[in-house]
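# Fold and geometry: a report
Spelled out, the chains give:
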Amino acid sequence: MKNRKGFALIYTVLISVLVLVSIVGLTMKIIPERAITNARTHSQRALLTAEAGASQVLFDLRNFGTNPDFKNDFDPNSGPSSSHYLTPEDITSLITTSGGIINPSNGEQITNPSPPSDESFETSYQAKIKVNSNDTTNKILDVDLYILGTVSDRSNNELAREAIKTNFEVTYKIESYTEQTWIDGTTAGIFNYALFSGGDIVFGGSAQTVTGDIHAIGSIDLGNAKNQVRVGGGGNAEAEGNITGKGIVTGESIVGATSVPFPMLNIDAYKTLADAFRSGDAPYNGDKPNFPNTNDPIVLSVIQSYLGAPGTSSTLTGIQNFYNDLKGKTGAFGNLTVAQWQNLITYAKNIVYYIQGDVHINGQFECIGTLVIDGDLIINGSSQVGDPTDPGAAAILVNGDVNLSNGTADLYGLFYTAGEITGRGTFYCEGSIAARGAIDLSGNYEVKYHPVTNENLGVDTPGHWEDGDTHTYYSVESAAGSSSTPNPNAKYTWTKISYDEFINAH
């Protein structure tokens, strides 16, 4: 019995040893295999990261421009971000270099900075771009792209790294743009007066200014009526020459007044603005605040149906119909959206219209904005010119004479003439009148001063763009590799390279 018990103990010990040896052997086999599996997984992950990096660099190249006004899915001026690897400076370096390595300024960009909580690793990639040649005639770069993908644990210990290399062509273009600054039209000093004449001002009949000052570069004749008020409301009469006559000036009569130059009418500048409104060019392209934006085919078609195409003369009837239908959103304006219509009506006072030839108004002409007439203006009969609801928003600029014939007329806005202005009959003006030549008013005539609010008004220098510095910028038209590729779903070909090859790329 004792011998049997001893053998049982020996058997137990032997079996335990065999089990322990089996466990140890199995463990020693499993641990290396798991390590190998993990290494392979991390290596594959690093390779995928490198591929993702190559795709990102190619995407940035295909979609990136370095013009400050370049509009795309992202702003190239915002610099590096978590979504884009290349910067405008990187692309400029690529295009302007004749050869060598470009290290993107974004450096090593983490593509998975916040992995899921159950992941114990992070991935990153780094790129080097080598310009093999730069064909400046055809604007084509031959480029090698080196990408290193890295997998690290949460303690930043490197677990795996893989590098790839790909070759592709970059087709680019070189363009330039000129900085432009909008210069507002200035309201000339002559428009601070109810009447301003580059010659003489002659009063007759019961003509008078109800409010505001008057100024004559020549002389002022107040007429023979002894008790007739000529300059009312406490207004001053300023003459750089003499003041004669018996009429009353309720303010001061100033002889030898300070000289005020008379600005000439720049017809070409105003024609350019009138054409720009009908073509959607600056300042009517949405870049200038308080100006209507007509840079839309539908809006342009409506405008041109009333005012004609750029380069042509509009008609008085066309302008009148344009404004009438614009106010009520009727006629062709019914085809516009509310937003398009509101933009036009809100900023209508900064519209410029152009008519070539003499204009005859006999009836109602209601409009705001600047109307430039390259000829004479004749107003007679029972007429109304301008919009009484906003007399400061209308300006009639005449490159000829203005004749206020017999009859009655109500004028709302600023009236400028490069010639003379004569008035007969019964007229009322709420705004101001400026003439380079003489102003000869008689009959029952009243002028009530109202300042102009039209931003285009400068007469000699209306609102306009001034050129500044010219800058060269670059943009990429395409970035394409070979059609053959190890990955049939990829759009470029790549090959694996060693870490040393990536580090020593030059």
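Everything here concerns the structure above.
Scope of this entry: the structure provided in the associated data block. These numbers come from a predicted model, not from an experiment.

## Some points on the overall build of the chain
- When you go through the chain residue by residue, the secondary structure sums to seven helices and 28 strands.
- Out of the 506 residues in the chain, the part that is buried amounts to 44%.
- Restricting to contacts in the chain with at least 6 residues of sequence separation, those with at least 24 account for 55%.
- When the accessible area of the chain is evaluated, it comes to approximately 23800 Å², of which 49% is carbon and sulfur surface.

## Details of the packing of aromatic side chains
- Summed over all chains, the structure comprises 14 aromatic pairs.
- Aromatic pair Tyr306 and Phe333: ring centres 5.2 Å apart, planes at 20°, arrangement stacked. Here Tyr306, found in helix H4 (residues 297-307), pairs with Phe333, found in the loop between helix H5 (316-328) and helix H6 (338-346); they are 27 residues apart in sequence, far enough to count as distant.
- When its relative accessible area of 13% is taken as the criterion, Tyr306 is described as buried.
- Here a set of aromatic residues connected by ring pairs shows up, and it is made of Trp182, Phe277, Tyr284, Phe291, Tyr306, Phe322, Phe333, Tyr353 and Trp465.
- Directly above the ring of Phe502 sits Lys128, whose terminal nitrogen or CZ lies 5.1 Å from the centroid.

## Side note on the pattern of salt bridges
- Throughout the structure, instances matching the rule amount to five salt bridges.
- With a closest N to O distance of 2.8 Å, Arg278 and Asp275 form a salt bridge. Placement of the pair is Arg278 and Asp275 together in helix H3 (residues 267-279), with a separation of three residues, close to one helical turn.
- Classification of Asp275 by relative accessible area gives partly exposed; the value is 22%.
- As a salt-bridge pair, Lys327 and Glu366 come within 2.3 Å of each other at their nearest N and O atoms. On the criterion of sequence distance, the pair formed by Lys327 in helix H5 and Glu366 in the loop between strand S18 (364-365) and strand S19 (369-374) is long-range, its members being 39 residues apart.
- According to the relative accessible area criterion, Glu366 is buried, its value standing at 8%.

## What to know about the nonpolar core
- Counting residues in each nonpolar core, the largest one holds 87 residues, and the members touching the most others are Ile220, Phe322, Tyr416 and Tyr445.
- The element best represented in this core is strand S22 (residues 402-417), accounting for seven residues.
- If we skip the residues at most four places from it in the chain, Tyr445 touches Ser206, Ala207, Gln208, Leu404, Leu411, Phe427, Cys429 and Ile433.
- Counting 28 residues, the second largest nonpolar core, distinct from the first, contains Leu58, Leu94, Tyr474 and Trp494.

## Examining H6
- Turning to H6, its buried residues are Gln340, Trp341 and Leu344. Looking straight down H6, one finds its buried side chains confined to an arc of 95°; they lie on one side. Turned more than 90 degrees off the buried face of H6, the exposed positions are Ala339 and Thr346.
- Lining the buried residues of H6 we find H3, H4 and H5.

## Some words on the packing of H4 against H5
- Packing of H4 against H5 brings their axes to within 7 Å, and their N-to-C directions diverge by 140°. In terms of their interaxial angle, H4 and H5 are classed as oblique. Residues Ile303, Tyr306 and Leu307 of H4 form the contact with H5, whose participating residues are Gly318, Ile319, Asn321, Phe322 and Asp325.
- Residues of the contact of H4 with H5, tallied by class, amount to five nonpolar, two polar and one charged.

## Section: the environment of Pro289
- Structurally, Pro289 is set in the loop between H3 and H4.
- With a relative accessible area of 54%, Pro289 lands in the exposed category.
- C-alpha of Pro289 to C-alpha of Tyr347: the two residues are 58 residues apart in sequence and 9.3 Å apart in space.

## Concerning the environment of Thr178
- Along the chain, Thr178 turns up in strand S5 (residues 158-183).
- Sequence spacing of Thr178 and Thr472 is 294 residues, and the spatial spacing of their C-alpha atoms is 8.9 Å.
- The residues touching Thr178, leaving out its near neighbours within four places in the chain, are Asp467, Gly468, Asp469 and Thr470.
- A polar contact is formed between the side chain of Thr178 and the side chain of Thr470, at a distance of 3.0 Å.

The rules behind the values
Residues numbered from 1 in each chain as written. Predicted model: local features only at pLDDT ≥ 70, side-chain atom pairs only at ≥ 80, totals over all residues. Heavy atoms only, no water. Helix = DSSP H or I, 4+ residues; strand = E, 2+ residues; numbered from the N terminus. Buried < 20%, exposed > 50% of the residue type's maximum accessible area, 1.4 Å probe, protein only. Contact = heavy atoms within 4.5 Å. Areas by Shrake-Rupley, 256 points an atom, 1.4 Å probe, with all protein chains shown as cover. Phe/Tyr/Trp six-rings, centres within 6.5 Å; stacked < 30°, edge-to-face > 60°. Lys NZ or Arg CZ within 6 Å of the ring centre and 35° of its normal. Salt bridge = Lys/Arg side-chain N within 4 Å of Asp/Glu carboxyl O. Core = buried A, V, L, I, M, F, W, Y, C linked by side-chain atoms within 4.5 Å. Arc of directions from axis to C-beta. Axes fitted to C-alpha atoms, helices over the stretch in contact; angles between N-to-C directions. Parallel < 35°, antiparallel > 145°, perpendicular 65-115°, else oblique. Nonpolar A, V, L, I, M, F, W, Y, C, P; charged D, E, K, R; others polar. Polar contact = N/O pair within 3.5 Å; in protein donor to acceptor, adjacent residues only side chain to side chain.

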